[in-house]
Amino acid sequence: MNQDHLVVVGASLAGLRGAEAARKAGFAGRLTIVGAEPHRPYDRPPLSKQVLGGSVAPGATTLPILEPLDAEWRLGSAVTNLDRIGRTIDLEGGERIAYDRLLIATGARPRPWPDAAQRDLAGIHTLRGRDDAAALRSALAARPERVLVVGGGFIGCEVAAACRDLDLPVTLVETGPTVLAAILGVHLGSVVAALHEARGVDLRFGSEVEAFEDDGTGHVVRARFADGRTLETGCVVVALGAIRNTEWLAGSGLAFDEGGVDCDADGYVLDAEGRPDRAIAAAGDVARFPHPLYDGRFVALEHWGHAAAQGAHAARLLVGRGTGEAYAEVPAFWSSQGGLTIKSVGLTEGADGLVIAQGDPKTGRFLALYGRAGRCIAAVSFDSVRWLPAYAEMVASRAPFPPPGGAVDQSRLTMLTPGFPGEDDR
Ligand SMILES: Cc1cc2nc3c(=O)[nH]c(=O)nc-3n(C[C@H](O)[C@H](O)[C@H](O)COP(=O)(O)OP(=O)(O)OC[C@H]3O[C@@H](n4cnc5c(N)ncnc54)[C@H](O)[C@@H]3O)c2cc1C
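Residues numbered from 1 in each chain as written. Predicted model: local features only at pLDDT ≥ 70, side-chain atom pairs only at ≥ 80, totals over all residues. Heavy atoms only, no water.

Enquirer: Where do I start with the sheet that holds strand β10 (residues 147–150) in this structure?
Expert: As summarised here, the arrangement of the 5 strands in space is β9-β16-β10-β11-β12, forming an open sheet in which the pairing is parallel. With one partner strand each, in any of the chains shown, β9 (124–125) and β12 (202–205) form the two edges of the open sheet. Bridge count between β10 and strand β16 (residues 235–238): 4 bridges; the pairing is parallel. For valine 147, the partnering residue across the bridge sits in β16 and is cysteine 235. Lying over the sheet, helix α5 (residues 154–165) contacts β10, β11 (170–174) and β16, oriented at roughly 165 degrees with respect to β11. (Pairing = 2+ DSSP bridges. Helix = DSSP H or I, 4+ residues; strand = E, 2+ residues; numbered from the N terminus. Contact = heavy atoms within 4.5 Å. Axes fitted to C-alpha atoms, helices over the stretch in contact; angles between N-to-C directions.)

Enquirer: What exactly am I supposed to notice about the environment of proline 402 here?
Expert: For proline 402, the position within the fold is in the segment after α8 (388–396). Taking the C-alpha atoms as reference points, proline 402 and alanine 357, 45 residues apart in sequence, are found 9.1 Å from one another. Filtering out sequence-adjacent residues up to four positions away, proline 402 remains in contact with Val355 and Met415.

Enquirer: Honestly, the domain arrangement of the protein chain in this entry has me stumped. Any pointers?
Expert: Size of an interface: often given as the accessible area lost when the parts come together. Per the domain assignment, the segments making up the protein chain are domain 1 (6–109 + 244–318), domain 2 (112–240) and domain 3 (339–425). A C-alpha centroid distance of 30 Å is found between domain 1 and domain 2. Contacts between the two partners involve 22 residues from domain 1, matched on the other side by 14 residues from domain 2. Of the roughly 1500 Å² buried where domain 1 meets domain 2, counting both sides, 56% is carbon and sulfur surface. The interface formed by domain 1 and domain 2 holds 2 salt bridges in total. Lysine 49 is paired through a salt bridge with glutamate 158; the nearest N and O atoms lie 3.0 Å apart. Summed over the shared surface of domain 1 and domain 2, the result is 12 residue pairs in polar contact (both at pLDDT 80 or more). Elements supplying a minimum of two residues to the side of domain 1 that touches domain 2: α2 (50–53) and β8 (108–110). The dominant element in the side of domain 1 that touches domain 2, judged by the number of residues it contributes, is α2, at 3 residues. Residues that form the side of domain 1 that touches domain 2 fall into these classes: 8 nonpolar, 8 polar and 6 charged. (Domains from an automatic or database assignment. Buried area = accessible area lost by both parts, 1.4 Å probe. Salt bridge = Lys/Arg side-chain N within 4 Å of Asp/Glu carboxyl O. Polar contact = N/O pair within 3.5 Å; in protein donor to acceptor, adjacent residues only side chain to side chain. Nonpolar A, V, L, I, M, F, W, Y, C, P; charged D, E, K, R; others polar.)

Enquirer: What am I meant to see in the sheet that holds strand β23 (residues 297–299) here?
Expert: Read from one edge to the other, the open sheet built from 4 strands follows the order β18-β19-β22-β23, with strand pairing classed as mixed. Every other strand in the sheet has two partners, leaving β18 (256–257) and β23 as the edge strands with one partner each. Both strand β22 (residues 287–291) and β23 contribute to a ladder of 3 bridges, which runs antiparallel. In the strand pairing of β23, proline 290 is matched with phenylalanine 298.

Enquirer: Is there a simple way to explain the environment of threonine 363 in this structure?
Expert: Inspection of the secondary structure puts threonine 363 in the loop between β26 (353–360) and β27 (365–372). C-alpha of threonine 363 to C-alpha of aspartate 383: the two residues are 20 residues apart in sequence and 10.0 Å apart in space. In terms of polar contacts, threonine 363 uses its side chain to reach the backbone carbonyl oxygen of aspartate 360, at 2.7 Å.

Enquirer: Just checking my understanding: could you explain the pairing of β12 for this structure?
Expert: Looking along a regular strand, one sees side chains alternate from face to face of the sheet. Across 4 bridges, the pairing between β11 and β12 is parallel. Within the sheet, the bridge partner assigned to leucine 172 lies in β12 and is leucine 203. For the segment spanning β11, helix α6 (residues 181–198) and β12, crossover handedness is right-handed. (Right-handed = clockwise from strand over helix to strand, strands pointing away.)

Enquirer: Is there a simple way to explain α6 in this structure?
Expert: What sets the pattern is the α-helix's 3.6 residues per turn: residues three or four places apart point alike. Between its terminal C-alpha atoms α6 stretches only 19 Å, short of the 26 Å expected from 18 residues at 1.5 Å a residue. The largest bend along α6 reaches roughly 90 degrees and is located at histidine 187. Looking only at α6, the buried set comprises Ala181, Leu184, Gly185, Leu188, Gly189, Val192, Ala193 and His196. Positive phi appears at glycine 200, one or two residues downstream of α6, with a value of about 95 degrees. (Expected span 1.5 Å × (residues − 1). Bend = angle between axes of the 7 residues up to and from the residue. Buried < 20%, exposed > 50% of the residue type's maximum accessible area, 1.4 Å probe, protein only.)

Enquirer: What is the right way to look at the site of the ligand in this model?
Expert: Around the ligand, the surrounding shell holds 30 residues, and the nearest of these are Ser12, Glu37, Arg44, Lys49 and Arg128. With respect to the ligand, the side chain of arginine 44 contributes an N or O atom lying 2.6 Å from an oxygen atom. The separation between an oxygen atom of the ligand and a polar side-chain atom of arginine 128 is 2.7 Å. In the complex, the protein chains occlude 94% of the 1000 Å² of accessible area that the ligand would expose alone. At the level of elements, α1 (13–24), α7 (304–318) and β24 (332–337) are the ones that each hand at least two residues to the shell around the ligand. A per-class count over the shell around the ligand returns 15 nonpolar, 9 polar and 6 charged. (Near = heavy atom within 4 Å. Areas by Shrake-Rupley, 256 points an atom, 1.4 Å probe, with all protein chains shown as cover.)

Enquirer: Please explain the side chain of arginine 288 as it appears in this structure.
Expert: You can see arginine 288 is positioned in strand β22. A polar side-chain atom of arginine 288 sits 3.4 Å from the main-chain carbonyl oxygen of glycine 260. In this structure the side chain of arginine 288 is engaged in a polar contact, spanning 2.6 Å, whose partner is the side chain of aspartate 262.

Enquirer: Explain the side chain of histidine 303 to me, please; I cannot follow it from the model alone.
Expert: For histidine 303, the position within the fold is in the loop between β23 and α7. Among the polar contacts listed, one links the side chain of histidine 303 to the backbone oxygen of alanine 332, at a separation of 3.4 Å. The residues touching histidine 303, leaving out its near neighbours within four places in the chain, are Asp285, Pro331, Ala332, Phe333 and Leu347.

Enquirer: Would you explain the pattern of salt bridges in this entry?
Expert: Oppositely charged side chains can form a pair if their charged atoms are brought close together. Tallied over the entire structure, the rule returns 26 salt bridges. Note that arginine 44 is salt-bridged to glutamate 37, the shortest N-O span being 3.0 Å. What you see here is one network of salt bridges that share partners, running through Glu210, Glu213, Arg222, Arg224 and Glu232.

Enquirer: Got a minute to help me understand α8 in this structure?
Expert: Turning to α8, its buried residues number three or more, namely Leu388, Tyr391, Ala392, Met394 and Val395. Buried residues of α8 fall within an arc of 160 degrees about the axis and therefore sit on the same side. Along α8, the residues that are exposed and aim more than 90 degrees away from the buried face are Pro389 and Glu393. Looking at the buried positions of α8, the neighbouring elements they touch are β25 (340–346), β26, β27 and β28 (375–382). Two residues or fewer after α8 comes arginine 398, characterised by a positive phi angle close to 50 degrees. (Arc of directions from axis to C-beta.)

Structure representation (structure tokens):
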């Protein structure tokens, strides 16, 4: 084991779990954790759920530290530069820190509203961090006449659900055909949409916000749609997905873009020529890596469990306690919205078939299995998590799809088309 200086950039879930894993593996060298935010690592999933709902205070989301860290913390200072030749990083403010091993865990941030002037209007929110959640929670507590959510991904859906929990009128606008279409496909996205509609969310699909207008004092008052219609609103949540925090890697020679920093199967970052740098690994939302379960396709995940697991894997690798095996954790995600808990295992991307393997969408409790080229690639449970482990095994072992009779409680499985946007073009 090497006992030199391990520097972790990104003081959140992947960085913290990485630092803990290094210590747990016996790393006794110097450990520095650098984070752009002023906060100690905290948990993000409650931000769009319990925090907005008011049952958990933003400050009560701090992650527990599971291992004595004996770390030097540099919080509130973003890293602006990486010099791989000199093995140093620069912090805003000018401090330079030398590393022997570096863990990149800088995560992601919300994709901003494209118009810079409109994005800064008061009343326009995004949701990624604790401070964002605190600001949005205060705005909701002021009981706006209507909240507008732009984007029907998981965050948009969870925010809309939280608004209805607070009995606030909310409109959700999505350019696609339904919510979660890119993740679950139209078939199951429509099931989620029906839930939100039944709870009073005003859903507008195939609809595009073109601009926000202000009241002359810099506060948003109105959204203008591409079809010319308008919606009066003083509270907007822009939920257009995430981009990875990789700008600080410019000039480092690493292969990166806003979709992540490329890694090899172990987790070492790759340079622009595809060569691994064995002093640096990446983990969590920022890492894009070849997943063995999906034929080595490069994926960048935004899953809590993955950030924790890959953070630990990458740190063990850096301190010389790697397993020698490629990182192969099966992707898993959950979301709760409007009383519904969705849990998924695997990745639905590229699915060419879908079966309802357990339960019935009409009852709201069911499990859907996605397949591609005759293999199970993902399972998604709706309020029926007890069924998930068996199907997770089928996904992990790439079992034949559709599953043979007896593996499910349905006498006959109907093969459905998932309905991913652009599916017809393939
Ligand atoms: C509102 C919300 C709800 C979510 N709900 C769920 C859920 O229900 N289920 C689920 O599975 N997942 C959920 N997720 C996803 C999950 O929280 C993320 O996958 C996880 O936080 C990723 O951890 P990370 O450490 O890789 O990145 P992050 O948590 O994004 O942390 C990266 C850290 O690096 C810091 N940083 C960035 N750039 C720099 C720099 N240049 N220098 C220093 N520090 C830097 C950032 O400020 C940040 O603190 C949710 C995410 C959000 C935002």
